[in-house]
Amino acid sequence: MRYSGFRVIREALTGHKGWGPAWRDATPQASYDYIIVGGGGHGLATAYYLAKEFKQARIAVVEKGWIGGGNVGRNTTIIRSNYLLDGNEPFYEFSLKLWEGLEQDFNYNAMVSQRGIINLFHTDAQRDAYTRRGNAMILHGADAELLNRDQVRAMYPFLNFDNARFPIKGALMQRRGGTVRHDAVAWGYARGASDRGVDIIQNCEVTGFRREGGRVTGIETSRGFIGAKKIGVAVAGSSSKVMAAADMRLPMESHVLQAFVSEGLKPVIDGVMTYGAGHFYVSQSDKGGLVFGGDIDGYNSYAQRGNMPVVEDVAEGGMSLMPMIGRARLLRSWGGIMDMSMDGSPIIDKTDIDGLYFNGGWCYGGFKATPASGWCFAHLLATGNPHPTATAYRFDRFRKGLMIDEKGQGAQPNLH
Amino acid sequence: MIINHPLLGPRDAQEFTYLGDAALIDRPDGLSYPTPDAAMDAMHDYLYQRSNPAGEHRELWYHEQGDRSWLVVTRNTVTHEITRVELARDVARMRGRSK
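Residues numbered from 1 in each chain as written. Chains lettered and ligands numbered in written order. Predicted model: local features only at pLDDT ≥ 70, side-chain atom pairs only at ≥ 80, totals over all residues. Heavy atoms only, no water.

Caption draft 1: Structural context of the overall build of chain B. Check the secondary structure of chain B and you find two helices and six strands. If you list the helices and strands of chain B from N to C, you get β-β-β-α-β-β-β-α. With the C-alpha coordinates of chain B rotated into their principal frame, the extents come out at 45 × 30 × 20 Å. For chain B, restricting intrachain contacts to residue pairs at least 6 apart in sequence, the fraction spanning at least 24 positions comes to 48%. Accessible area of chain B: about 5600 Å², with a carbon and sulfur share of 49%. Positive and negative side-chain charges in chain B, numbering 12 and 15 respectively, have mean positions lying 6 Å apart. (Helix = DSSP H or I, 4+ residues; strand = E, 2+ residues; numbered from the N terminus. Contact = heavy atoms within 4.5 Å. Areas by Shrake-Rupley, 256 points an atom, 1.4 Å probe, with all protein chains shown as cover. Lys, Arg positive; Asp, Glu negative; His and termini not counted. Charge placed at Lys NZ, Arg CZ, Asp CG, Glu CD.)

Caption draft 2: Up close: the interface of chain B and chain A. If you look at the interface, chain B gives 25 residues, while chain A gives 25 residues. When chain B packs against chain A, close to 2300 Å² is buried across both sides, 46% of that on carbon and sulfur atoms. It is B:Tyr48, B:Arg50 and B:Asn52 that lose the most area in chain B upon contact with chain A, and together they represent 30% of the buried surface on that side. Summed over the shared surface of chain B and chain A, the result is two salt bridges. Of the charged contacts in the structure, one is a salt bridge between B:Arg50 and A:Glu253, with a shortest N-O distance of 3.3 Å. Joining chain B to chain A, the criterion identifies 14 residue pairs in polar contact (both at pLDDT 80 or more). (Buried area = accessible area lost by both parts, 1.4 Å probe. Salt bridge = Lys/Arg side-chain N within 4 Å of Asp/Glu carboxyl O. Polar contact = N/O pair within 3.5 Å; in protein donor to acceptor, adjacent residues only side chain to side chain.)

Caption draft 3: Main features of the domain arrangement of chain A. All names here are of chain A. In terms of domain boundaries, chain A breaks down into domain 1 (5-77 + 182-249 + 345-415) and domain 2 (111-178 + 253-341). For domain 1 and domain 2, the distance between their C-alpha centres works out to 28 Å. Taken together, the 19 residues of domain 1 in the interface contact 21 residues of domain 2. Between domain 1 and domain 2, a total of about 1700 Å² is buried, with carbon and sulfur atoms accounting for 53% of that surface. Three residues, Arg-74, Thr-76 and Pro-413, lead the burial of domain 1 against domain 2; their summed loss comes to 37% of the area buried on that side. Taken together, domain 1 and domain 2 are joined by one salt bridge. Here Arg-133 and Glu-406 are joined by a salt bridge, their closest N and O atoms 3.5 Å apart. (Domains from an automatic or database assignment.)

Caption draft 4: Broad picture of the sheet that holds strand β3 (residues 17-21) of chain B. Residues and elements named next belong to chain B. One open sheet holds the four strands; their spatial order is β3-β4-β5-β6, and the pairing between them is antiparallel. The open sheet has two edge strands with one neighbour each: β3 and β6 (82-87). The sheet shows a mean angle of 30° between the axes of neighbouring strands, taken without regard to direction. Of the pairings in the sheet, the one linking strand β5 (residues 70-76) to β6 comprises five bridges and is antiparallel in character. Within β6, the position partnered with Val-73 by the bridge is Val-85. (Pairing = 2+ DSSP bridges. Axes fitted to C-alpha atoms, helices over the stretch in contact; angles between N-to-C directions.)

Caption draft 5: Spotlight on unusual backbone geometry. For A:His279, which is not glycine, the phi dihedral falls at a positive 50°. The residue A:His279 is located in the loop between β13 (272-275) and β14 (280-284) in this model.

Caption draft 6: Inspection of the nonpolar core at higher detail. Residue and element names in this part refer to chain A. In terms of nonpolar packing, the biggest core is built from 52 residues, with Leu-44, Tyr-49, Phe-91, Trp-99, Val-180, Tyr-189 and Ile-348 touching the most fellow members. When contributions to this core are tallied by element, the ones reaching two or more residues are β1 (31-37), α2 (41-52), β2 (59-62), α3 (89-106), α6 (182-195) and α9 (370-383). Looking at this core element by element, the count peaks at eight residues for α3. The contact partners of Tyr-49, leaving out residues within four places of it in the chain, are Phe-54, Leu-98, Leu-102, Asp-105, Tyr-189, Pro-371, Gly-374, Trp-375 and Ala-378. Membership of the second largest hydrophobic core comes to 32 residues, among which are Val-37, Ala-228, Met-342 and Leu-356. (Core = buried A, V, L, I, M, F, W, Y, C linked by side-chain atoms within 4.5 Å. Buried < 20%, exposed > 50% of the residue type's maximum accessible area, 1.4 Å probe, protein only.)

Caption draft 7: Structural context of helix α1 (residues 36-48) of chain B. Under the 1.5 Å per step criterion, the end-to-end length of α1(B) is 18 Å for 13 residues, consistent within 8% with the ideal 18 Å. The complete set of buried residues in α1(B) reads B:Ala39, B:Ala42, B:His44, B:Tyr46 and B:Tyr48. Where the residues of α1(B) are buried, they touch β12 (252-264) and α10 (397-400) of chain A. (Expected span 1.5 Å × (residues − 1).)

Caption draft 8: Up close: the pairing of strand β6 (residues 170-174) of chain A. Residues and elements named next belong to chain A. In terms of burial, β6 is largely enclosed, as five of its five residues are buried. Alternating positions in β6 separate into two faces, Gly-170, Leu-172 and Gln-174 on one and Ala-171 and Met-173 on the other, with burial throughout. Two elements, strand β4 (residues 117-121) and β6, share five bridges in a ladder whose sense is antiparallel. Pairing of Ile-117 across the sheet is with Gln-174, part of β6. Two strands pair when backbone bridges link them, and strand β5 (residues 145-148) and β6 are joined in this way by four bridges, in the antiparallel orientation. Bridging across to β6, Leu-147 finds its partner in Ala-171.

Structure, rendered in structure tokens:
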């Protein structure tokens, strides 16, 4: 069924009896050409683009819980392409372009809102660094503007401009950045994939990979064996666990990242704001809650909850940026498991086992990458070659010294 | 989280900084390998590859806001429960380091 204004009116007049489920909850067949492990944003996007753009068939997505129940359902919904390095910026700009056409493409309201994102700076050196970053973005076809202090003040007069430690001197602005309704991304991709014949199999946990002569022939799951010619793994925080079943160790650690929502407030922040000096970033949801977050807790964890010291640290960051936030009450917080790669950048690559492909290491930045990650992974699965914007996301970059260290902090996850 | 320091007793985890898997104690010397490639493989695996288990994990914590000792903490990454704390110095000596 195609969604449209006409359809809404028709359903309104007929008692909304015509809406069916958005996707089929499939039972596994004996074998497929492609199995995507992981029914999150990236896995569903991969299946969608495999079917739609690369014209492949006999595709299944297997998910251990329910689709969209991992990090695509637990993030701060920000999209942007304000990266510096050659290995990253073309990929994230490709992703932002896909976001811009996404709702028309998969005929689903994902509430893509290009409300603009600003990165605040506080010193001359930071301004120079953001000028360089903005120029790099423009050279790769993205948009960037440098705002001075008065321009930032006109947008957000309530910020603490004269903070003694981190006075606000201006900001790097990307107007095309913004937010997206995160759950709708998973649902939209699931619906689009399902309509094109992809089997979405929930409550189906992968327990092992069956191999014959250095080649995968299928997956062992909690619902039995499923054969496959090619298997793509996109399981974010569980990457090390799943790939260990294929006897692989990854350049990754799993860490917990917390995020927070305040009670609903009147409109006050109409864009997205990052305050790197205070480890704090914030936007306001359409329901009025301030959505914000900070750093990872900083130790290996598979628990989807964090500890109090980081809650305090993030709240302090918020208070130092916008002191009025102290009057708002925190409604809830949650934690998601990040697959922190050694250099802070992702991997979309083949493995040494024929037919087994891997997509992960997205750290705390996977949401904005969802469309391009799916497209590039589908490209790799269908053609055997990396997509032109994702050629740097290789396993062997650590061996070769070709790290993509966007923050310039070194190749250890405790530094990111 | 509370880390039960072998010398100082129970301390708040906030006093510590975290480094990662205690396997980092076993640094390859980079010399005693048949080929340069084997040495590079060993160093690559040491620096970048992690077991990253869901469950019991032995890991290095540094008591930066305290006595500046390195500890090997055995902690469950699913429940955050800490079952054992040792001085990293003792662990390294048991493994034949500092001879």
